Amino acid sequence: MKQTQPCADTLQQARLARYSPGSTKASARYLWPLAALILLLAVNLLLDASFFQLSFQDGRLYGSLIDILNRSAPVALLAIGMSLVIATGGIDLSVGAVMAIAGSICANLLLQADLPLALVIAAGLATGIAAGLINGTLVSYLKIQPIVATLLLMVAGRGVAQLINQGQIVTFLRPDFAWLGSGSWLGLPLPVWLVIAMFGLSQLLLRRTALGLFIEAVGCNATASRYLGINDKAIKLFVYAFAGFCAALAGMISAADIQGSDANNAGLWLELDAILAVVIGGAALSGGRFSLLLSVIGVLIIQSLSTTIIVSGLPAKFNLLIKALVVLLVLLLQSDKFRRQLSSVLPKWRKGGQA
Amino acid sequence: MTTPSLVLELKQVCKHFPGVKALQNVDLRLFAGEVHALLGENGAGKSTLIKVMTGALAKSSGDIYFNGQQCHFASPAAAQRAGISTVYQEVNLLPNLSVAQNLFLGHEPRRFGLIQHKKMQQQAQQLLLRFKLNIDVTAPLAQYSVAVQQLIAIARGVAMSAKVLVLDEPTASLDSSEVQMLFDVMRQLREQGVAIVFITHFLEQVYQISDRITVLRNGSKVGEYLTADLPRSQLIEAMLGKELQQLTQQQAATAVAKQAEPLLVLQQISVKGSLSDISLTVAKGQAVGLAGLLGSGRTEVCRAVYGVDVLSGGEIQFGGKTLTLQQPADAIKAGIALCPEERKTEGIIGPLSIRENIMLALQARRGWWRYLPVKQQQQLAAFYIDKLQIATPDADKPIEQLSGGNQQKVILARWLAINPQLLILDEPTRGIDIGAHAEIVLLIKSLCQQGMSLLVTSSELEELVAFAGKVVVLRDRQKVTELSGDNMTAQHIMQAIAEG
Amino acid sequence: MMSLRYLPLWITAALLCLLFGIGGWQFDGFASLAVVSNLFSDNAFLLIVALGMTLVIISGGIDLSVGAVIALSGVATGLLISQYQWHPLTAFALIVPAAALFGALMGVLIHVYKLQPFIVTLAGMFLARGLATTLSEESIAIDHSFYDAIAEFGFALPGGGWVGASTMIFMVLLVLVIMLMHYSRFGACVYAIGGNSQSAQLMGVPVASTTIAIYALSSVLAALAGIVFTFYTFSGYALAGVGMELDAIAAVVIGGTLLTGGSGFVIGTVLGVLLMGVIQTYIIFDGSLSSWWTKIVIGLLLFGFIVLQKVLSRRTALTTVAGSTAHG
C-alpha cells in the first residue's frame, strides 16, 4: 500500500503523530498493578529494613527479594500460559494436575539411570503438550465449555499421575535434573532463569509474529475473526497446548526442587493462583487483550503479599484471608458499576477510575 | 361493538441516539378492537417506536397516554403489568422450559404455595386450543417450530390479559397456512376488544387484516390512514417517498451494459434448512443486488458463498473453477470477501484498534509468521482513514468507540487492503446514520466503477436500484425472479417480494 | 422426544444398577442394605452440597466456595461448642443465617457488579478457607452430649443397615429442594434464568433476587453439609472439604444437569453422587484396584456424559431446524 503523495511534510508528520499508538492508554494499564507491587514492597521495607538486602554466598545471591522471585517461579510459568488461554476467553483448570503428571513422568524416567537428561526433559514437555492438546481439542473441536473441558483433566489427571507413580512418592537421585529446581546460574536461582527465558521467548513468539494479535482477536470476537480468515480453532488449540507446555515446565521445576514426584500435592491448587495472577494483572476473564508482563507482575504481587504477611509478624494463617480480600477488591475495581459508584462518591477519582 | 375507544396514544414522541434522531415528533393512536398496521422501511423507526411504547427504551421527549392517563413505563415488565404485551420477531421465550411453563411463568396456578403442574397443563392446553393449537404442552418449547413458538408467545401475551398486543413482524417466518391461523387469532382478539399493533413487510397482509395504518419514514410520521381508504400505490409512495425517482434515474449510468464474462456462478445451491436451488451469476465488474425480506434467504446466500454454511447441494463456480468451501478462509483465499450484516458480532473486533481491524485480514492472509511491521500498519491505517474519510482522532482508538458508519468504513478498508475480486455486502447501510449512509452508498458506487464485482443485499430497495446492475429477488429461501434494465425499479422489486 | 430429556438420567441410573449388580455378583456382602445405607451416610455431606450445586448450575452459574464453606462451618461449630460452650443447636442457629449472608453477598457481586460466578466464588472460597484457618489451624474436637445423642439416633435396617441422623437430614433436605425446584415459582425462575436470563427478565422474572437467593441457598446447604460432616468426624477442621466442590460439580454433571444451565433434575444429582460412591465401594471391595482408579474412572465418566450432552443438544437443535422447515 503506497501512501498518497502528501501535500506538505508538516501535514504528513502531524498525521503520523495522530495515528501513532496512544502511549498514554497503554501505560495506564500498567500503572495500577505496578503501583500495587511497589506499595507492597515499600510496606515490606518499612516492616523490615533489611528487606532489600542481598548477600552473595557460594556464587549465589540470597535475600527476601530473591526468595520471592524463586518461590514465584512455578506459578509465573503457569500464569504465562494461562494468560493466553484467558485471552481467548477460556480457562485452564488442569494445569496443576498437568504439573503432577509431568513430574511423575520425569521422576519415573529418571529411575532408568542411563537415560540422557535431554530425553527426560523432552518427555516431560511432550506430556504437557499432549495434555494441552486434549484440552484444546475438547474446547475448539468438540465445543465443550473450557471450564468443563479442563475440569476433566483436573479430576482425572491427578489420578493418572498417581497411577504412574503407583501411589508412591517417587524420589530420584539425579543432580543434573535437580539442578533445574535448586541450582543457580550467574547468582540467580535456575527457576528464575527459566521464567525469564520462557517469558522472553514467549514475548518474541507472540509479539514479533502476528500470533499474539490473532489470539487477542479470537478472544475479543471469535466469529468475526473466523470471518476475516483467522483459523480460530487452531488458535485455541495452540493456547491450550502452550499452557500445557508451561505447566509441564513448572511441574519439572517443582519435582526437581524436592527431588521427587508427589502426585497428590505437586501443583495442587496452583491453577487457581495462576488464574488469580492473570486477573490481578488486569485481564478480563471474557477474553481479549493480554499482557504477559502484567500477569507476571500479578504473580509477584501474590507472592509478595504472602511474604509481607510473614515479615509483618502476622501468623501465616492470615495469608488466605488477606489474599481473598485483595482479590475481592481487585474484582470490584474491574467492575464498571463499582467504578461508577466509586466515582460518584469520590469525584476526584473520576480521572483515575477511567484508567 | 360500541364506538372504539382510544387505548394508547403517543404524542410528539422523540427519541435521540448519539448522532441519530431515530424518532421525531411521532404521533400514534391505538383504538380498542382494531388492528393497526405500523409500516415503514427498515430504519424508518418502527422498532424504536415499539421499544419506546413498551418501556424497553426511554423516550427523549413527548407524552404517552394509556387509557387516557399520562404514563411512563420503566421496563417491559411494567408495561406488561399495565396490559401491553409484545411479541418480538425473535421469540423471547425460554426454549428449555415446557410450553406450559412458558405460558404461565410467574403466574403459575398454586395451592399451598406449590405449583399445580396438572392444572397448569390443563389450562395451557385450553388456552392453546383457543388458538387452534393442539400440542403436547409438557414438551420443551425448543421442540416446536418458530411459527408455533410465535403463537405460544402471543398466547402468553393474551393470557396475561393484554389490552394492547404488539406483534413485531410475526409473519416473517410463517408459511401461508400458518399466517391464516395467526390472522384468525388476531380477528378473535380484535372482537374481544384488544388493540393490536401489527408490523410487517407484506403489504398483502396489511390489506387482509388491518383497519388502520400509520406510516413512518426516516423517524417521522408520514400519515395515519384507514386501510380501506388507501390504495396500494399510495401506500407504497408514502413508504418510499419522493426521493425514489431521483435515485432510480441515476441507475442507468452505473449499470454495466456490456456482457462481461461471469465471475461467480451459483448452480442450484442448497443449504439444509435455509436455501433451496438458488442459481445466479455475477459478472466481472458487475454489482448484483439481492432483495427479499428478512428470512427470505438473502443473508443465507451470502453466508453460503462465503463458506460460513456448508452446501448440501449444488455448486459454486468462481473465476471458472469450482469452489469447495469449508470455512471463510477458503473463500478469502479464492478472492471473496464479506461485510456481514451483524456488524457488531461478526464484523468488528470491538476492543481492538482501528489500525488492527484494518490490517487483520491482510495479516491473516500473510499467515501468523510474517508479521506486518507496525510502521506499515500505521501507513495502511492512515491511508484508508484518509481515503474513506473515517472520522477518528487516531488510528489506535478501539473500533467499538466509533459510530456505526465509521465502523462499516473500517470493515470496507479491511477488505480493500487485500483487494478481493468479489465483495459481498450484506446490508451495508443498516443502522448507519444519515450522513454516513450517503457516503457509504457513494463508496460502494465508486467500487463498482473501479471494476470490483459486488453482491449486495439491502432491504432499502432504492439503494439497491441505485447501484446494482441486476437485482435477484428471493422469497421463502428460493429465487423468485431476476430484474434488470427498465424493469429494475423499487416498485417492481416490492411487487416481486410481496407476490412472488 | 420426552425420553431424550431423561436419557442422561436413565443412563446414570442404569450404570448405578449395573455396577451394583456386578459388585453383588462378585463380592459377598456387596449387595446388602448395610452397603446401601453406608453409601448414604458416608456421602451425606457430599449429597447435601451437591443439592445446592445443582441449583446453582441449573441457573447457569457455578459455586467453587462450597468446600471451603463446609470447612468454615465445621470450624465455627467446633469453636462455638468446645471453646465457648454453646449448645450445638444455638451454634447452628448462628451459623446457618451467617452462611446465607455469605452466599447472598456473592450473589450481589455476581448480579449487581456483573462479575463472573467462577471468579467471585473462587474469591469466596479463599475468603471462607481463610476465615476457617484464621479461626483455628488445628482440628477442634467436639465433645458434647448432643453429639453423642445424634450418633446414636436412627434406626436399624435388616442386614446390618443403619439409617442415622445424617441420612435423615439429607432426606429431608432432598424433599425440600425437590419441592423448591420442581413445585415452586422460585424453581421455575431458576430454570428460566439458566435458559436465558435476558428473556427471563423480559418475561418478568425477578432475576436479581433469584440470583442472590440461589447463591445464599447454596452456601446454606454447604454450611449444613459442614455441620453434618462434624457429626461424622466429631471435629471441625479448617482443611476439611478440600476439593469437595469438584466432587459436587462432577456429581451434578453425571446426574444429567447441563453445565450451561437451564436443564437438569435434582434427583439426577443424587444418582450421580451414589454412582461415584458405588465406584469407590467397588474399588475398596476389590482390594487389588488402587484408589487412584476412582479419579480416573470419574474423569472418564464425566467425559462420557459431557459428550452425551453435546450429542443430545445437537440433536434437539437439528429436530428444531427440521421442524421449522417442515412448517416454513
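Residues numbered from 1 in each chain as written. Chains lettered and ligands numbered in written order. Predicted model: local features only at pLDDT ≥ 70, side-chain atom pairs only at ≥ 80, totals over all residues. Heavy atoms only, no water.

Another aspect to go through is the overall build of chain C. Scanning chain C from terminus to terminus reveals 14 helices and four strands. The C-alpha radius of gyration of chain C comes to 21 Å, within 12% of the 20 Å expected for a compact globule of 328 residues. The principal-axis extents of the C-alpha atoms in chain C amount to approximately 70 × 55 × 35 Å. Every one of the 328 residues in chain C was classed for burial, and the buried ones make up 58%. In chain C, 77% of the contacts between residues at least 6 apart in sequence involve partners at least 24 apart. Of the charged side chains in chain C, 8 are positive and 11 negative; the average position of the first set lies 28 Å away from that of the second. (Helix = DSSP H or I, 4+ residues; strand = E, 2+ residues; numbered from the N terminus. Rg over C-alpha atoms; globule rule 2.2 N^0.38 Å. Buried < 20%, exposed > 50% of the residue type's maximum accessible area, 1.4 Å probe, protein only. Contact = heavy atoms within 4.5 Å. Lys, Arg positive; Asp, Glu negative; His and termini not counted. Charge placed at Lys NZ, Arg CZ, Asp CG, Glu CD.)

Counted under the stated rule, the structure contains 25 aromatic pairs over all chains. By the ring-pair criterion, three or more aromatic residues cluster together here, those being Phe20, Phe27, Phe30, Tyr282 and Phe285 of chain C. In this structure, arginine 207 of chain A is placed above the aromatic ring of phenylalanine 290 of chain A, and the distance from its NZ or CZ to the ring centre is 4.4 Å. Over the ring of phenylalanine 126 of chain C we find lysine 323 of chain A, and its NZ or CZ is 5.2 Å from the ring centre. (Phe/Tyr/Trp six-rings, centres within 6.5 Å; stacked < 30°, edge-to-face > 60°. Lys NZ or Arg CZ within 6 Å of the ring centre and 35° of its normal.)

Before going further, it helps to spend a moment on the environment of threonine 77 of chain C. Residue and element names in this part refer to chain C. Considering the arrangement of structural elements, one finds threonine 77 in helix H4 (residues 66-83). When its relative accessible area of 0% is taken as the criterion, threonine 77 is described as buried. Taking the C-alpha atoms as reference, threonine 77 lies 30 Å from threonine 281; in sequence the two are 204 residues apart. When sequence neighbours within four positions are dropped, the list of residues in contact with threonine 77 reads Phe92, Ile95, Ile142, Tyr147, Ile227 and Thr230. Side-chain polar atoms of threonine 77 contact the backbone oxygen of serine 73, separated by 2.5 Å. (Polar contact = N/O pair within 3.5 Å; in protein donor to acceptor, adjacent residues only side chain to side chain.)

Let us now look at the pattern of salt bridges. Taken as a whole and assessed by the stated rule, the structure comprises 21 salt bridges over all chains. A salt bridge links arginine 71 of chain A to aspartate 67 of chain A; the nearest nitrogen and oxygen atoms lie 3.0 Å apart. In this pair, arginine 71 of chain A and aspartate 67 of chain A are both assigned in helix H3 (residues 64-87), four residues apart and thus about one turn of the helix distant. For glutamate 346 of chain B, the salt bridge identified is with arginine 303 of chain B, shortest N-O distance 4.0 Å. On the criterion of sequence distance, the pair formed by glutamate 346 of chain B in helix H12 (residues 343-347) and arginine 303 of chain B in helix H10 (residues 298-305) is long-range, its members being 43 residues apart. We classify arginine 303 of chain B as partly exposed; its relative accessible area is 23%. Taken together, the salt bridges that share partners define one network made up of Arg207, Glu216 and Arg289 of chain A together with Glu356 of chain B. (Salt bridge = Lys/Arg side-chain N within 4 Å of Asp/Glu carboxyl O.)

This part is about the interface of chain C and chain B. If you look at the interface, chain C gives 28 residues, while chain B gives 32 residues. Of the roughly 2,600 Å² buried where chain C meets chain B, counting both sides, 60% is carbon and sulfur surface. Counting the contacts that link chain C with chain B gives one salt bridge. Arginine 185 of chain C serves as the salt-bridge partner of glutamate 108 of chain B, at 3.0 Å between the closest nitrogen and oxygen. Summed over the shared surface of chain C and chain B, the number is six residue pairs in polar contact (both at pLDDT 80 or more). (Buried area = accessible area lost by both parts, 1.4 Å probe.)

We now examine the interface of chain A and chain B. Taken together, the 32 residues of chain A in the interface contact 43 residues of chain B. Between chain A and chain B, the buried area comes to about 3,200 Å², and carbon and sulfur atoms account for 66% of it. Scanning the region where chain A abuts chain B turns up one salt bridge. Ionic pairing is found between arginine 289 of chain A and glutamate 356 of chain B, a salt bridge with its closest N-O pair at 2.8 Å. For the side of chain A that touches chain B, the secondary-structure elements that each account for two or more residues are helix H1 (9-19), helix H8 (190-207), helix H9 (211-220) and helix H10 (222-227) of chain A. No other element matches H9 of chain A, which puts six residues into the side of chain A that touches chain B. Counted by class, the side of chain A that touches chain B contains 14 nonpolar, nine polar and nine charged residues. (Nonpolar A, V, L, I, M, F, W, Y, C, P; charged D, E, K, R; others polar.)

Now for the nonpolar core. Membership of the largest hydrophobic core comes to 358 residues, with the highest contact counts inside it found for Ile275 of chain A together with Ile152, Leu360, Trp415, Leu422 and Leu423 of chain B. Taken domain by domain, the makeup of this core includes at least three residues from each of domain 1 (6-243) and domain 2 (247-499) of chain B. Discounting chain neighbours no more than four positions away, the residues touching leucine 422 of chain B are Leu263, Leu264, Val282, Val305, Phe318, Gly335, Ile336, Ala337, Ser453, Leu454 and Leu455 of chain B. Counting residues in hydrophobic clusters, the runner-up holds 27 residues, among them Val26, Leu28, Phe66 and Leu216 of chain B. (Core = buried A, V, L, I, M, F, W, Y, C linked by side-chain atoms within 4.5 Å. Domains from an automatic or database assignment.)

This part is about the confidence of the model for chain C. If pLDDT is low for a region, its predicted coordinates should not be looked at in detail. Residue and element names in this part refer to chain C. Chain-level pLDDT for chain C is 88 on average; 95% of the residues reach the 70-or-more range. Mean pLDDT in chain C bottoms out at helix H14 (residues 292-327), which sits at 69, and peaks at helix H3 (residues 44-58), which reaches 96. Below a pLDDT of 50 lies the segment residues 318-328, which in the model reaches 14 contacts outside its immediate sequence neighbourhood of four places, other chains included. (pLDDT = per-residue confidence, 0-100.)

Now for the sheet that holds strand S3 (residues 35-39) of chain B. Residues and elements named next belong to chain B. Here we have six strands laid out as an open sheet, ordered S6-S9-S10-S3-S11-S12, and mixed in their pairing. Two strands close off the open sheet at either side, each with one partner strand: strand S6 (84-87) and strand S12 (220-226). Strand-to-strand twist of the sheet, defined as the mean angle between neighbouring strand axes without regard to direction, takes the value 20°. Bridge count for S3 against strand S11 (residues 212-217) is four bridges, and the pairing is parallel. Along S11, the bridge assignment pairs leucine 38 with threonine 214. The strands that helix H5 (residues 146-159) touches are S6 and strand S9 (164-168); relative to S6, the one it contacts most, it runs at about 175°. (Pairing = 2+ DSSP bridges. Axes fitted to C-alpha atoms, helices over the stretch in contact; angles between N-to-C directions.)

A separate point is the packing of helix H5 (residues 117-141) of chain A against helix H7 (residues 175-182) of chain A. Residues and elements named next belong to chain A. Two numbers describe how H5 lies on H7: the axes approach to 10 Å, and their chain directions differ by 50°. Between H5 and H7, the angle is such that the two are oblique. For the pair H5 and H7, the contacting residues are Leu117, Val120 and Ile121 in the first and Asp176, Phe177 and Leu180 in the second. (Parallel < 35°, antiparallel > 145°, perpendicular 65-115°, else oblique.)

Let us now look at the environment of leucine 325 of chain B. Residues and elements named next belong to chain B. Among the structural elements, leucine 325 can be located in the loop between strand S17 (321-323) and helix H11 (328-334). Judged by relative accessible area, leucine 325 falls into the buried class, the value being 10%. Residues leucine 325 and alanine 22, spaced 303 residues apart in sequence, show a C-alpha to C-alpha distance of 40 Å.

Residues and elements named next belong to chain B. Strand order in the open sheet made by the six strands is S18-S19-S20-S15-S21-S22, with mixed pairing throughout. With partners counted over all chains shown, the strands left at the sheet margins are strand S18 (336-339) and strand S22 (478-484), one partner each. This sheet shows a mean twist of 20° between the axes of neighbouring strands, independent of strand direction. Pairing of S18 with strand S19 (residues 422-426) involves four bridges; the strand directions are parallel. The partner of isoleucine 336 across the bridge, within S19, is leucine 422. Lying on the sheet, H10 is in contact with strand S15 (287-291), S18, S19, strand S20 (453-457) and strand S21 (470-475); it crosses S19 at an angle near 150°.

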